[in-house]
Amino acid sequence: MSRAISKDGPVRALGAMSGTSLDGVDAAVLVTDGHDIVEFGPTAYRSYTADERSTIAAGFGQWQGAAVQAAAEVVERAHVALLDPMERVDIVGFHGQTLSHAPRVQGTLQVGDGAALAQRLGCPVVWDFRSADVELGGEGAPLAPFFHHACARFAGLTEPVAFLNLGGVGNLTWVDPSVARPQDAGALLAFDTGPANAPINDLVQSRLGMAFDEGGKLAAKGTVEQGALELFLAEPYFARIPPKSLDRNDFAEMVALVVELTDADAAATLTAMCAAGVAEAMQHCPSLPSRVLVTGGGRNNPVLMQMLAVSLDCPVMAIEEIGLDGDMLEAQAFAYLAVRVARGLATSCATTTGVRAAVGGGTVSLPDG
Ligand SMILES: Nc1ncnc2c1ncn2[C@@H]1O[C@H](COP(=O)(O)OP(=O)(O)OP(=O)(O)O)[C@@H](O)[C@H]1O
Ligand SMILES: CC(=O)N[C@H]1[C@@H]2OC[C@@H](O2)[C@@H](O)[C@@H]1O[C@H](C)C(=O)O
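From a predicted model like this one, the values you see are computed outputs, not experimental measurements.

**Describing the nonpolar core**
No. 1: Grouped together as the largest cluster of nonpolar side chains are 42 residues, with contacts concentrated most on Phe129, Phe147, Phe163 and Leu293.
No. 2: Listed by contribution, the elements that provide at least two residues to this core are β1 (11-18), β2 (24-32), α5 (145-154), β7 (161-166) and α12 (329-342).
No. 3: Top contributing element to this core by residue count: α12, with ten residues.
No. 4: Built from parts of two domains, this core gets at least three residues from each of domain 1 (11-142 + 331-353 + 361-365) and domain 2 (156-322).
No. 5: Core analysis: the second largest hydrophobic core is formed by 31 residues, Leu14, Ala16, Leu83 and Val92 among them.

Take a look at the structure:
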């Protein structure tokens, strides 16, 4: 067996994330002891080709079979292509690609073989981060909140803030940085807010052959259809008390609500739905955050950001305002979580996934030799 990481002190970790919006794979190096962030390192990105994207998308909602296998192969190849040329690190956190997520029914499935990646890269790889949490009764998501807590403390924040990730799905973490440990009472509350970019991407892809509504240009030309928005907000999900999480396509029927609308009105309405899901989420926060720090691709959509600014009762800004990289936060999160798993520290707790006791999931695979 090759070396595992040291028992204490900071290590260099590399995190890799393939998110629900299917744009590509993000990778980022982080120096951490599993508690505090010491330093942010280099980052890299590899976009999926249109063919790769459709192969992965064909696996969405599936748990086994040829489509899952084909998606897994694409995910593995893309990660090797991205990570192999990067620096050698002490440990890798490999999220893989979520194909299906139904924690109370079948479970949660992230594809990509971490054991094979450990052999290929010649270093320990932590993977399958979500299964243990689900097996212990948790939602298995979101998992970035423990990292958000570390980020808030790294940035020297003292007041409660919210981290809002707008990827394919939206997720919000309310953090009180004055509480020392993420699993302690009052430190965190986290959950998925609703669909974010995924329905917008699906709409512009199917109608216009575009990957996403760049700059919200299409939505900016449209009018929000209030009736559709009201039907959307009547979904019981929004009133449900957290913890709660979503699969990418859990709100697929939304598209039916906009099917009769023009391209621009449909885009505007789906964008408004994302913002309205976030506005609904605020009622669940323990207190109004001092500000909402937006991460993920949705922060690049000025129409969406403006809708959020109008509908939330606190300032909304891109996370770059506190010096963090909004494109890489999730990859950094899985670097951080990998170190925590390897050191036997918790990665989720009752207020982040609803798991009964704080738990550290994840499988650690070491390379041979
Ligand atoms: N300039 C832009 N204008 C509008 N939308 C954008 C822009 N840049 C990115 N996006 C949106 O953000 C998406 C990518 O977001 P991100 O990389 O955060 O998602 P992800 O990590 O795949 O998802 P998740 O957080 O759900 O796992 C794109 O697919 C697109 O919809
Ligand atoms: C099951 C799954 O992969 N969920 C993702 C998805 O994408 C955003 C949101 O839904 C969040 O719950 C989660 O990702 C982030 C990285 C998380 O676990 O914090």
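Now that the structure has been shown, the text picks up again.
**Description of the sheet that holds strand β9 (residues 188-195)**
No. 1: Spatial strand order, β9-β8-β7-β10-β11: five strands in an open sheet with mixed pairing. The open sheet has two edge strands with one neighbour each: β9 and β11 (316-318). Across the sheet, the mean angle from the axis of one strand to that of its neighbour is 25 degrees, orientation sign disregarded.
No. 2: Sheet topology places strand β8 (residues 169-175) next to β9; seven bridges connect them, and they run antiparallel. In the strand pairing of β9, Asn171 is matched with Asp192.

**Focus: the confidence of the model for the chain**
A low pLDDT means the predicted coordinates there should not be read in detail.
No. 1: Across the chain, the average pLDDT comes to 96, with 99% of residues at or above 70.
No. 2: Here the prediction assigns the complex a pTM of 0.97, and the interface score ipTM is 0.98.

**Digging into the site of ligand 2**
No. 1: Close contacts around ligand 2 come from 15 residues, with Thr98, Arg130, Leu143, Ala144 and Asp192 the closest.
No. 2: In this structure, Ala144 approaches ligand 2 through a main-chain N or O atom, which is 2.8 Å from an oxygen atom.
No. 3: If ligand 2 stood free it would expose 430 Å²; the protein chains cover 98% of that surface.
No. 4: Elements with a contribution of two residues or more to the shell around ligand 2: β4 (91-102), β8 and α12.
No. 5: When grouped by side-chain class, the residues that make up the shell around ligand 2 number seven nonpolar, five polar and three charged.
No. 6: Counting contributing residues, the shell around ligand 2 receives three or more from each of domain 1 (11-142 + 331-353 + 361-365) and domain 2 (156-322).

What counts and how
- Residues numbered from 1 in each chain as written.
- Chains lettered and ligands numbered in written order.
- Predicted model: local features only at pLDDT ≥ 70, side-chain atom pairs only at ≥ 80, totals over all residues.
- Heavy atoms only, no water.
- Core = buried A, V, L, I, M, F, W, Y, C linked by side-chain atoms within 4.5 Å.
- Buried < 20%, exposed > 50% of the residue type's maximum accessible area, 1.4 Å probe, protein only.
- Helix = DSSP H or I, 4+ residues; strand = E, 2+ residues; numbered from the N terminus.
- Domains from an automatic or database assignment.
- Pairing = 2+ DSSP bridges.
- Axes fitted to C-alpha atoms, helices over the stretch in contact; angles between N-to-C directions.
- pLDDT = per-residue confidence, 0-100.
- Near = heavy atom within 4 Å.
- Polar contact = N/O pair within 3.5 Å; in protein donor to acceptor, adjacent residues only side chain to side chain.
- Areas by Shrake-Rupley, 256 points an atom, 1.4 Å probe, with all protein chains shown as cover.
- Nonpolar A, V, L, I, M, F, W, Y, C, P; charged D, E, K, R; others polar.

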